[in-house]
Amino acid sequence: MLLQAAPSHAQWCGKSDEALFDDLGSMLWAGSPPSGERPYIYTMAAPWCPYCTQLFKTFQSDRYSFDIRYFEIWPTGDVHRNQIADVALNGTNSALARIYLQRKFSRDGISDAQRSLANEVQEILSIVIDERYRDRFSQPKMASPTSIALLDGKIVVIEGTPNLQALERLSGSMRRHGRDDRLSGLVRAGIPSEVPAPDAYYAVRDNVEIRILPDEKAVGAICLKYTQGLRFDGIVTVSGREWLVTRPFRPDTTLRLYALKDDFVSATVLDQQKQ
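Please read these numbers as outputs of a predicted model, since none were measured by experiment. Each chain has its residues counted from 1, following the order in which its sequence is written. The predicted origin of the model limits local features to residues at a pLDDT of at least 70 and limits the giving and counting of side-chain atom pairs to 80 or more, whereas totals for whole chains, interfaces and linings rest on all residues. To obtain the side-chain values, all non-hydrogen atoms of the structure were included, while hydrogens and water were left out.

Structural notes on the packing of aromatic side chains
So, step 1. Two rings from Phe, Tyr or Trp (for Trp, the six-membered ring) form a pair when their centres are within 6.5 Å of each other. A pair whose planes differ by under 30 degrees is stacked, one over 60 is edge-to-face, and the rest are tilted. According to the stated counting rule, one finds 11 aromatic pairs in the structure shown.
So, step 2. Ring plane angle 65 degrees and centroid distance 6.0 Å describe the contact between Phe56 and Tyr70, whose orientation is recorded as edge-to-face. One end of the pair, Phe56, is in helix H2 (residues 50-61); the other, Tyr70, is in strand E3 (residues 67-72), with 14 residues separating them in the sequence. Of the two residues, Phe56 and Tyr70, neither departs from the other in class, the shared state being buried.
So, step 3. An aromatic cluster of three or more residues is present, and its members are Phe21, Tyr40, Tyr42 and Phe71. For the purposes of this entry, the term helix denotes a DSSP run of H or I that reaches at least four residues, the term strand denotes a run of E that reaches at least two, and both are numbered from the N terminus. The cut-offs for exposure are 20% and 50% of the maximum accessible area for each residue type, with area from a 1.4 Å probe on protein chains only; residues under the lower value are buried, those over the upper are exposed, and the others partly exposed.

Here's what the structure looks like:
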């Protein structure tokens with residue numbers, strides 16, 4: 001099937017498909033500036049992917065009534081990491097053209113730390129998308145490209161090169177008015193250094209999200225139920241708010257996730273309350 005629809009009961013962390021799709025608007029996508037009127041889809045793509053190159057060229061050469069927002073992921077070397085950071089932080093079609101038409105990138109204004117964090121954010125997002133929609137893929141792993149659309153309020157996953165003509169016919173059913181607050185400024189500013197968090201913490205309510213970045217608009221990667229707990233590695237303070245830091249992925253990586261400390265109670269406090 002061209003479009004693989006999500007089951008109607010497939011809600012994550014108590015969120016509707018609309019809310020889950022809108023969450024992606026806060027992350028580091030690139031494409032045409034939001035108009036508030038044109039519908040859009042998201043496409044997970046790679047700098048080295050020939051199908052992604054052809055998709056970009058075809059989409060630019062014809063007139064469609066919807067937009068494609070690209071998430072660049074899956075680097076295989078430093079050139080790709082530079083391209084991913086360029087696209088993620090720049091966010092424009094010009095940055096995408098540097099990848100797919102010129103085979104170049106720009107490092108203007110992008111430090112090594114910013115490049116590293118941008119690539120980390122995109123890697124975590126690819127893991128989250130792969131995990132969340134794995135039951136909708138026909139292959140064991142997410143392919144490049146893979147697109148996500150919201151049609152008539154339901155998330156659909158499109159594996160491989162999307163049929164642009166078919167999507168054009170469905171554009172009237174696509175999402176138009178979503179959230180468009182990209183967190184590129186937070187990535188450019190960087191994440192502050194951690195202080196230790198030598199304690200376990202437990203969720204004080206249901207549907208507590210552990211997020212890709214320390215911001216309440218960022219996509220959630222893990223959802224905890226009331227009293228469910230984790231041992232966190234550290235605490236960072238961003239814009240006056242404390243965030244718990246965890247590294248739940250492979251132990252040989254530094255990939256981090258963030259949980260708002262206000263959504264948790266520490267084991268120490270719980271012990272004191274019992275006394």
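Observations regarding the state of the cysteines
So, step 1. A pair of cysteine sulfur atoms is labelled a disulfide when the two atoms are within 2.5 Å. The tally for this structure, following the rule as stated, stands at one disulfide.
So, step 2. A sulfur-sulfur separation of 2.2 Å characterises the disulfide bridge that pairs Cys13 with Cys223. Disulfide Cys13 to Cys223: torsion about the S-S bond roughly 80 degrees, handedness right-handed. A residue pair is termed long-range when its members are at least 10 positions apart, and Cys13 in the loop between strand E1 (4-5) and helix H1 (17-23) and Cys223 in strand E9 (residues 220-224) qualify at 210 residues.
So, step 3. Take Cys13: its relative accessible area is 11%, and that puts it in the buried class.

Quick look at unusual backbone geometry
So, step 1. The residue after Ser144, namely Pro145, is reached through a cis peptide bond having omega 0 degrees.
So, step 2. For Pro145, the position within the fold is in the loop between helix H5 (112-132) and strand E4 (146-151).
So, step 3. Unusually for a residue other than glycine, Trp74 sits at a positive phi of about 60 degrees.
So, step 4. Residue position: Trp74 is located in the loop between E3 and helix H3 (78-90).
So, step 5. Look at Trp74 and you get partly exposed, because its relative accessible area is 24%.
So, step 6. Of note, the phi angle at Ser239 is positive, near 55 degrees, even though the residue is not glycine.

Considerations on the nonpolar core
Proteins that are soluble and globular tend to have nonpolar side chains buried together.
So, step 1. Definition of nonpolar core: a set of buried residues of the types Ala, Val, Leu, Ile, Met, Phe, Trp, Tyr and Cys, connected through side-chain atoms within 4.5 Å. One finds Met27, Ile212, Leu213 and Phe264 to be the most contacted residues of the largest nonpolar core, which totals 58 residues.
So, step 2. Looking at which element gives the most residues to this core, the answer is H5, with seven residues.

Some points on H3
So, step 1. Here H3 spans 18 Å end to end across 13 residues, near enough to the 18 Å set by a 1.5 Å rise per residue.
So, step 2. Of all the residues in H3, the buried ones are His80, Asn82, Gln83, Ile84, Ala85, Asp86, Val87, Ala88 and Leu89.
So, step 3. Where H3 is buried, its residues meet E3, helix H4 (93-100), H5 and helix H7 (184-189).
So, step 4. Directly after H3, the chain includes Gly91, whose backbone phi takes a positive value near 80 degrees. Expected span, for any helix, means 1.5 Å times one less than how many residues it has. Contact criterion: two residues are considered in contact whenever any of their non-hydrogen atoms come within 4.5 Å of each other.

Concerning the sheet that holds strand E14 (residues 264-266)
The pairing of strands in a sheet comes from backbone hydrogen bonds and takes either a parallel or an antiparallel form.
So, step 1. Pairs of strands are assigned from DSSP output, requiring at least two bridges between the strands. Within the open sheet, the three strands sit side by side as E10-E7-E14. Their pairing is antiparallel. Unpaired on one side and paired on the other, strand E10 (229-231) and E14 mark the two borders of the sheet. For this sheet, the mean angle separating the axes of adjacent strands, direction not counted, is 30 degrees. Between the N-to-C directions of two axes lies an angle of 0 to 180 degrees, each axis being a line fitted to C-alpha atoms and, for a helix, fitted only over the stretch in contact.

What about the environment of Ile235?
So, step 1. When you line up the elements, Ile235 lands in strand E11 (residues 234-238).
So, step 2. Residue Ile235 is classed as buried on the basis of its relative accessible area of 10%.
So, step 3. Counting along the chain gives 100 residues from Ile235 to Asp135, while the straight-line C-alpha distance between them is 34 Å.
So, step 4. Apart from the residues lying within four places of it in its own chain, the contact partners of Ile235 are Ser193, Glu194, Val195, Pro196, Ala197, Tyr201, Glu242, Trp243, Leu244, Val245 and Lys261.

Let's talk about empty space enclosed by the protein
So, step 1. The rule is simple: put a 1 Å grid over the protein atoms alone, call a set of points where a 1.4 Å probe fits but cannot get out a cavity, call an open set with protein on both sides within 12 Å along at least five of seven lines a pocket, and count a residue as lining if it has an atom within 4 Å of a point. Grid points are joined across faces, edges and corners, and a volume is the space filled by probe spheres set on the points. Evaluated as defined, the whole model comprises one cavity of 30 Å³ or more.
So, step 2. Its boundaries defined by the atoms lining it, the largest cavity holds a volume of some 40 Å³.
So, step 3. Listed by contribution, the elements that provide at least two residues to the lining of the largest cavity are H1 and H5.
So, step 4. Each residue is assigned to one of three groups, with Ala, Val, Leu, Ile, Met, Phe, Trp, Tyr, Cys and Pro labelled nonpolar, Asp, Glu, Lys and Arg labelled charged, and all others, Gly among them, labelled polar. Broken down by class, the residue content of the lining of the largest cavity amounts to eight nonpolar, no polar and one charged.

Let's talk about the side chain of His80
So, step 1. Note on placement: His80 falls in helix H3.
So, step 2. Each polar contact in these results corresponds to two N or O atoms within 3.5 Å; when the atoms are within protein, one needs to be able to donate a hydrogen and the other to accept it, and residues that are neighboring in sequence are counted only if both atoms are side-chain atoms. There is a polar contact of 2.8 Å between the side chain of His80 and the side chain of Thr76.
So, step 3. Filtering out sequence-adjacent residues up to four positions away, His80 remains in contact with Pro47, Trp48 and Pro75.

Comments concerning H2
So, step 1. Relative to the 16 Å expected for 12 residues at 1.5 Å per residue, H2 spans 17 Å between its end C-alpha atoms, a close match to the ideal helical length.
So, step 2. Inspection of H2 places Cys52, Thr53, Leu55, Phe56 and Phe59 among the buried residues, and these make up the whole buried set. Looking straight down H2, one finds that the buried residues subtend no more than 165 degrees of arc, so they occupy a single side. Exposed residues lying more than 90 degrees from the buried face of H2 are Pro50, Tyr51 and Ser61. Working definition: the arc comes from the directions between the helix axis and the C-beta atoms, pointing outward to the latter.

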